[in-house]
There are 2 protein chains.
Amino acid sequence: MLSPTELEVEKVSDCILDWPSGPLDQPRSRATFDWKQMKLVLEGDFVVRYKHQIWSLLAKDPDFSRKPWDEYNRDDERRLTFARLKKLVDFKITNDEDVSQPYRLLSFVQAIGQFSWSLIVKRTLSYEYFVYSFKSGKGKPNNDLVDDVINFKGLGALCMTEMAHGSNTKKLQTTATFNPADQTFILNTPSLEATKVWAGVLGQSATHAVVFAQLYTPDGSCHGLHSFMVPVRDTKTFQPFPGITIGDMGEKIGLNGLDNGFMTFNNYIVPKSSLISRNAQVTSEGKYVSQIKDQSKRLGSTLGVLSSGRLFIMLFGVTNIQSALTIAVRYSAVRRQFGPSDGEEIPILDYQSQQWRLIPYIAVSYVLHNLFASFYRDYIVFYLATFHSNGKDKSSMGSEIHALSSCGKAITTWMARDVIQECRECCGGHGYLKAAGFGDLRNDHDANVTYEGDNSVLLQQTSNYLVKLYKEKIEEGHEISSHFGSVNFINSIDDILSSHGSSDTFDDIPKVLEAYRFLVCYLLKSSYFKLLDQTAKLGDSFKARNETQVYYLKNLATVFFESEALNRYQQFLLSFSGPKEINNVLQQLGLLYGLWSIEKHMAILYESGYISVPTSVNMSSSQLKSKPLTDVREAILGLCRQLKDNAVGLVDSYAPPDHILNSSLGASDGKIYENIFAALKNNKGAFGKPDWLQGLINVKSKL
Amino acid sequence: MLSPTELEVEKVSDCILDWPSGPLDQPRSRATFDWKQMKLVLEGDFVVRYKHQIWSLLAKDPDFSRKPWDEYNRDDERRLTFARLKKLVDFKITNDEDVSQPYRLLSFVQAIGQFSWSLIVKRTLSYEYFVYSFKSGKGKPNNDLVDDVINFKGLGALCMTEMAHGSNTKKLQTTATFNPADQTFILNTPSLEATKVWAGVLGQSATHAVVFAQLYTPDGSCHGLHSFMVPVRDTKTFQPFPGITIGDMGEKIGLNGLDNGFMTFNNYIVPKSSLISRNAQVTSEGKYVSQIKDQSKRLGSTLGVLSSGRLFIMLFGVTNIQSALTIAVRYSAVRRQFGPSDGEEIPILDYQSQQWRLIPYIAVSYVLHNLFASFYRDYIVFYLATFHSNGKDKSSMGSEIHALSSCGKAITTWMARDVIQECRECCGGHGYLKAAGFGDLRNDHDANVTYEGDNSVLLQQTSNYLVKLYKEKIEEGHEISSHFGSVNFINSIDDILSSHGSSDTFDDIPKVLEAYRFLVCYLLKSSYFKLLDQTAKLGDSFKARNETQVYYLKNLATVFFESEALNRYQQFLLSFSGPKEINNVLQQLGLLYGLWSIEKHMAILYESGYISVPTSVNMSSSQLKSKPLTDVREAILGLCRQLKDNAVGLVDSYAPPDHILNSSLGASDGKIYENIFAALKNNKGAFGKPDWLQGLINVKSKL
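Procedures and definitions
Residues numbered from 1 in each chain as written. Chains lettered and ligands numbered in written order. Predicted model: local features only at pLDDT ≥ 70, side-chain atom pairs only at ≥ 80, totals over all residues. Heavy atoms only, no water. Helix = DSSP H or I, 4+ residues; strand = E, 2+ residues; numbered from the N terminus. Rg over C-alpha atoms; globule rule 2.2 N^0.38 Å. Buried < 20%, exposed > 50% of the residue type's maximum accessible area, 1.4 Å probe, protein only. Contact = heavy atoms within 4.5 Å. Core = buried A, V, L, I, M, F, W, Y, C linked by side-chain atoms within 4.5 Å. Domains from an automatic or database assignment. Buried area = accessible area lost by both parts, 1.4 Å probe. Salt bridge = Lys/Arg side-chain N within 4 Å of Asp/Glu carboxyl O. Polar contact = N/O pair within 3.5 Å; in protein donor to acceptor, adjacent residues only side chain to side chain. Axes fitted to C-alpha atoms, helices over the stretch in contact; angles between N-to-C directions. Parallel < 35°, antiparallel > 145°, perpendicular 65-115°, else oblique. Left-handed = near helix turned anticlockwise from the far one by under 90°. Phe/Tyr/Trp six-rings, centres within 6.5 Å; stacked < 30°, edge-to-face > 60°. Lys NZ or Arg CZ within 6 Å of the ring centre and 35° of its normal. UniProt positions renumbered as here; feature names shortened; annotations may be inferred. Expected span 1.5 Å × (residues − 1). Least-squares fit on C-alpha atoms with pLDDT ≥ 70 in both. Pairing = 2+ DSSP bridges. Bend = angle between axes of the 7 residues up to and from the residue. 1 Å grid on protein atoms, 1.4 Å probe; cavity = no way out; pocket = protein on both sides within 12 Å on 5 of 7 lines; lining within 4 Å. Points joined across faces, edges and corners; volume = space filled by probe spheres on them. Nonpolar A, V, L, I, M, F, W, Y, C, P; charged D, E, K, R; others polar.

A count of helices and strands for chain A gives 24 helices and twelve strands. Over its C-alpha atoms chain A spans a radius of gyration of 27 Å, differing by no more than 12% from the 27 Å that the globule rule assigns to 703 residues. Its C-alpha atoms put chain A at 90 × 75 × 70 Å along the principal axes. Residues classed as buried in chain A amount to 63% of the 703 residues present. Intrachain contacts of chain A at a sequence separation of at least 6 include 74% that bridge at least 24 residues.

Right, let's talk about the nonpolar core for a bit. Judged by nonpolar contacts, the single largest core of 442 residues is most densely connected at Leu325(A), Leu325(B) and Ile362(B). Each of domain 1 (154-303) and domain 2 (458-483 + 490-614 + 625-652) of chain B accounts for three or more of the residues forming this core. In contact with Leu325(B), other than residues within four places in its own chain, are Arg330(B), Leu358(B), Tyr361(B), Ile362(B), Ser365(B), Val419(B), Cys423(B), Val651(B) and Tyr654(B).

Attention now moves to the interface of chain B and chain A. Counting from both sides, the interface comprises 150 residues of chain B and, opposite them, 150 residues of chain A. Taken over both partners, the interface formed by chain B and chain A buries close to 13300 Å², and the fraction arising from carbon and sulfur atoms is 59%. Run the count over chain B and chain A and you get twelve salt bridges. Note that Asp446(B) is salt-bridged to Arg442(A), the shortest N-O span being 3.2 Å. The interface formed by chain B and chain A includes 73 residue pairs in polar contact (both at pLDDT 80 or more).

Residues and elements named next belong to chain A. Helix H17 (residues 549-574) packs onto helix H15 (residues 509-538) with a crossing angle of 155 degrees between their chain directions and a minimal axis gap of 9 Å. Considering their axes alone, H15 and H17 lie roughly antiparallel with respect to each other. Here the hand of the crossing between H15 and H17 comes out left-handed.

Turning our attention to the packing of aromatic side chains. The full count for this structure, using the stated rule, is 55 aromatic pairs over all chains. Summarising the aromatic geometry, the rings of Phe46(B) and Tyr50(B) are spaced 5.3 Å apart at their centres and angled 20 degrees between planes, so their arrangement reads as stacked. Here the residue Phe46(B) and the residue Tyr50(B) both occupy positions in helix H3 (residues 35-60), the gap between them amounting to four residues, near one helical turn. Ring pairing ties together the aromatic residues Tyr103(A), Phe312(A), Phe372(A) and Tyr376(A), which thus form one cluster. Positioned above the aromatic ring of Tyr50(A) is the side chain of Arg104(A), whose terminal nitrogen or guanidinium carbon lies 5.5 Å from the ring centre.

Quick look at the UniProt feature "domain: Acyl-CoA oxidase/dehydrogenase middle" (unreviewed entry) in chain A now. The sites that carry the UniProt feature "domain: Acyl-CoA oxidase/dehydrogenase middle" (unreviewed entry) are, in the present numbering, residues 157-267 of chain A. Structurally, residues 157-267 of chain A comprises 0% helix and 41% strand, and the distance from its first C-alpha atom to its last is 20 Å.

What follows is about helix H15 (residues 509-538) of chain B. All names here are of chain B. For H15, with 30 residues, the first-to-last C-alpha span of 42 Å sits near the 44 Å given by 1.5 Å per residue. Looking at where H15 begins, the residue whose side-chain oxygen comes 3.0 Å from the main-chain nitrogen of Lys511 is Asp508. One or two steps after H15, the chain reaches Gly539, where phi turns positive at roughly 70 degrees.

Glancing now at the relation of the copies chain B and chain A. Of the transformation placing chain B onto chain A, the axial shift is 0.0 Å and the rotation is 180 degrees, giving an RMSD of 0.0 Å. Viewed as a symmetry operation, the transformation between the two copies matches a two-fold axis. Closest to the rotation axis within chain B is the C-alpha of Ala603(B), separated from it by 2.1 Å.

Quick look at the environment of Arg633(A) now. On the secondary structure map, Arg633(A) appears in helix H20 (residues 628-644). Considering only alpha carbons, one finds Arg633(A) and Trp596(A), 37 residues apart in sequence, at a separation of 8.0 Å. Sequence-distant contacts of Arg633(A), that is, excluding residues within four places in its chain, are made with Glu599(A), Tyr551(B), Asn555(B) and Ile604(B).

Bringing the sheet that holds strand S8 (residues 261-265) of chain A into the picture now. Residues and elements named next belong to chain A. The strand order across the open sheet built from three strands is S4-S8-S7, with neighbouring strands paired in antiparallel fashion. At either margin of the open sheet sits one strand with a lone partner, and together these are strand S4 (196-199) and strand S7 (244-248). On average, each strand axis in the sheet is inclined to that of its neighbour by 20 degrees, with strand direction left out of account. Where S7 lies against S8, five bridges are found, and the strand directions are antiparallel. Residue Thr245 lies in a different strand from S8, and its bridge partner there is Thr264.

It is possible for side chains bearing opposite charge to pair when their charged atoms get close. Overall, the coordinates contain 68 salt bridges over all chains when judged by the stated rule. Measuring nitrogen to oxygen at the nearest pair gives 2.6 Å for the salt bridge that ties Glu71(B) to Arg74(A). With Glu71(B) in the loop between H3 and helix H4 (74-91) and Arg74(A) in helix H4 (residues 74-91), this pair bridges two chains. Judged by relative accessible area, Glu71(B) falls into the partly exposed class, the value being 23%. The class for Arg74(A) is buried, based on a relative accessible area of 10%. With a shortest N-O distance of 3.1 Å, Arg30(B) and Asp645(B) are connected by a salt bridge. Taken as a pair, Arg30(B) in the loop between helix H2 (25-29) and H3 and Asp645(B) in the loop between helix H20 (628-644) and helix H21 (647-652) lie far apart in primary sequence, 615 residues in all. Take Arg30(B): its relative accessible area is 37%, and that puts it in the partly exposed class.

This part covers H3(B). All names here are of chain B. A rise of 1.5 Å per residue sets the reference length of H3, with its 26 residues, at 38 Å; its end C-alpha atoms lie only 26 Å apart and thus fall more than 12% short of the reference. Maximum bend of H3: about 100 degrees, positioned at Gly44. By the N-cap criterion, in which a side-chain oxygen at the helix start approaches the backbone nitrogen of a residue two or three places on, H3 is capped by Asp34, the distance to Lys36 being 2.8 Å.

With a probe scaled to a water molecule rolled over the atoms, the places where space remains empty come into view. Per the stated rule, a full pass over the model turns up ten cavities of 30 Å³ or more. Its volume calculated, the second largest cavity comes out at about 130 Å³. If you go around the second largest cavity, you meet 13 residues; those closest to its centre are Tyr551(A), Tyr552(A), Ile604(A), Thr630(B) and Arg633(B). Mapped by element, the contributors of at least two residues to the lining of the second largest cavity are H15, H17 and helix H19 (602-607) of chain A together with H20 of chain B. With four residues, the top contributor of residues to the lining of the second largest cavity is H20(B). Residue classes in the lining of the second largest cavity are distributed as seven nonpolar, two polar and four charged.

All names here are of chain B. Pairing within the open sheet is antiparallel, and its three strands lie in the order S4-S8-S7. Two strands in the sheet have a free side with no partner beyond their single neighbour: strand S4 (196-199) and strand S7 (244-248). For this sheet, the mean angle separating the axes of adjacent strands, direction not counted, is 20 degrees.

This is the structure we're talking about:
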């Protein structure tokens, strides 16, 4: 329906509609910039138009109609999600063959995800992810099953995790034993703990699965984890095949539109061609032949395909931050409570406390939006380079992408978790209504901190990368330099560490960045020496790394992330050529993000001597001596105050339409009480008497 | 069924059952203390026996039977909660006339609440809270309606909050106008925004309501907020009376067993005797007569009744912390992932990172348990004193209780929020299953941070109290001294502030306490002077207070709370005469709590000069100079390591029975995989094909 040509004719100005009039008119009128211009700065012409067109399609389709107060049980959610998935195919919105416009998939994922995370996760797992993992893993396409999925004659699932093993994929137990007699692999689940679990789409609807299993040859030797294309259900009847037991995992905290499943194999036979591998094969006699000799490298090659998912989950986080803030900021600009003695009540956004709870998160939303976009551009470069590598090693480029996407996914999804919660609380009691939207947002988002790599484990990927670079520098004299430049400054680690104390005021972004680079270097060097000490003491690098996680490696990955987020935002600002009033606000947001983030690390800046300390404190006078911590905090509050009147405009710039946001508190008209009342009076059974009540009310007991 | 006499015959040793054997045997065997002894230290003989007996009753009753994987829609939850509420009356567990045993109500609330928060909230709102608010507000009981509730012929509700006003109760708009012609009050809802909302039990089942309204006399003057006993539904048919519109608010984030309702009045008439007031009356001619002249004092008297609720919510928080930790610690002691190079996989609790995420929270659970018990004892003293006051002013005692319960409720419920989330994440993917229990725990708990006073607003109550005391000291020379002694140390504020720098190592609880007292004094003095400056600058104390919230008053209330929590724990330790091995563990927990809490305030300790700072940093050597921040952090990690083998025993000491905890991950047998698998295979429709699927799978579209 939407071909690229059709898309061109839609003028972008027609895609950014005025907000309806209401109580938000006044707060909006106080903005110092034009939110429509800001929207284009944030998203660009293509994304704005494409998302608008997707959302317009959804708005017209009854399968996508819903109200904030609608209630669904799990079965309803499953059914709706399946029906909508089918409708997405009818819409023909995406075209996976079109790589000329990398923002197409991104816009699709965000536009649909913001409507329903279950739907986009089901879609990407059953289609994009599945096809991609097959194509990138397979040298010659010699298996037709994937065509069914491409043609939507079936749905795909990825089966990796087992009940007893998630992060430690090496220990997965499912076996695939080659049988030369009939040139097949026999799949088995050797124990209860080896039950495949958590596979999205598997519970009710997958017809095909990419199954990860230990490959055994007839001589009894294990060749490590490989993936196999396995038919699991009949594409006509959706009945599982004999030899496979599949079940639905039941209710989860969220994402209940997605049917996560479990599966066991009992001598289930698949043809030899089911092995998905670019680099390994089994001969017809049952001999294992691999182009990659090292088993751990083979594993890396098999798992490499999964890393792109992290970037998309980072986008999920950014999107959820936008949704939550849109609701809370609009509500806070309209809701009034208390005021100066016997005067008018004031909007709660006028309180310092409410500003401090919300406005730094607006800064976060802008900085992380830019960070995601920047990582995504890098990823496209890496992706294209890999597929046109002609055998050249792209592993150093890949390592940097891996390190960035790992901490990016972890910190962004944790941040979104905190933003959603703060926004929920900032809306008080009404925020606890289902119709406010925060409950579903929080419950659906919650999975993001765990899947595709537990956040805590992911941060170790980033710190390992940094420590390895530093180790190579001081032990082997290697220069620290990377394709995307995120670590280049560390090459000057000695200069950076000796510069400490040069500045203890943070009145612009470069000064904050300077402090961040000091922090990264300080924690990197401390971590390295701590690791050395611990290795000497414990005699085992595994143990040493574990004993260096808290306060060292974890904090290192965190400050590296924050530093890079601020750095890339600053690069964006330096190249920004838009209107001055937009630039001013973007500058304030960047500085606020930097100060608010680094405030959490002030103790280490004190202890390291980076910032100077008062030699005496005069507590007897009312005028406290100016001090770095207090200065940073005052600057944060000052920026919140300056940005307060722009808060609504800043969320308007990324707010989705009302039918996508689906919140009684965050609607664009700002008519919070009318909208809440609509939720109250229209919910199912609002005014009725439940039919079970009569049987229970004849209470005879006495206390 | 349970009379106090019967209770006496049950031996306490029969109430503490051995855990079933399983994978937790080994971790349990490493504990250095006897968890059964610890249980008695924590809860005492009476509470252990009473809770055991309640839980035994529930275990035998089919209405209280459930499984971790059960799914309920809102209507199911409402029905079950109502049926269980009725059953609680049949059980005759409590006896509200019995004040000789104040732990009875507490044990009842905790034992039932840990089973179902909806149930205990519905119970306490519809009964205890209702009767109490009536009895304490009414001088002479001249209204029979409350007897219906006492005799369980009806259910009560409290209607305070309106759609546009929650915290600012003064601005509530519902009117009650006295009509001398027929000696009645006429209730009206003057606007959409004045709709009564959030009243628990009102949505489907309340027959009586205590309604807060502005009292108007015929001369048109408003006498402020008063409460009225209002019949709202027929006790036989549960039909609302004409003149009242009642609706159910629909689905909420959690507590969906509780029917929160909304209500509007249209010239609804109640008799003159409906006015609930100890201190005010309207004469038959319509003249308002009050014993309290000051309208704000009248309001305080009316609202005073609500403060006890905060203490119980603090108990909700403590209980949720216990539930969440029980699940996560048991799971972490059994779940294994990774290990030293090619060796056995190790329990995830053996990782420094997992210890650091969970074990400080175990310390929190012990310290806050003690804090609640201590506050509760104080509250009983205050309660008895008030009801036997013989006209003596107990307001200073009341102010201290109010300040303590306000920060106690706020910080404890925020802490529980964080503990639940961390525990959920510590259990990885399986923690996302509904059967793990974290989703319901989090969603039900979420209300606690908002109701009975928004946490942010409550902290202001505590800081206002402290600032007022300090102001009276320096402006009027009053000594700072309180009945329960929580603020007495502040009287030495000048000495405490000048002692800074005396210690920068924190190797025992008294040294941490000393630093905490410095922090309280430092922030109190800073806040006071900041308020003075802001008042001079802004000319309005309302504005000045708002501009002093973040980093001053909010932090002041927080450190005061932490200081008092540690102080009361230390008092408990000093009086502890139990076994040495129990004492050792309790000491470690207290120090861990103190260090882990104060670590977050290290920057201010640096800036204030309380801890000394290195004059030079030698980053070129691998051995970093010993420094306070690093020392505190190392001590935290060291205590986590020391406590690790006791972690399971520490949660066993407060863990409820499995049928109450209701978690597939946290069951006492530690058979996590068998239990998870049971949840997978037994959930509704695990192996079936949904009936809607066939109609949707004939997918003809092509991408």
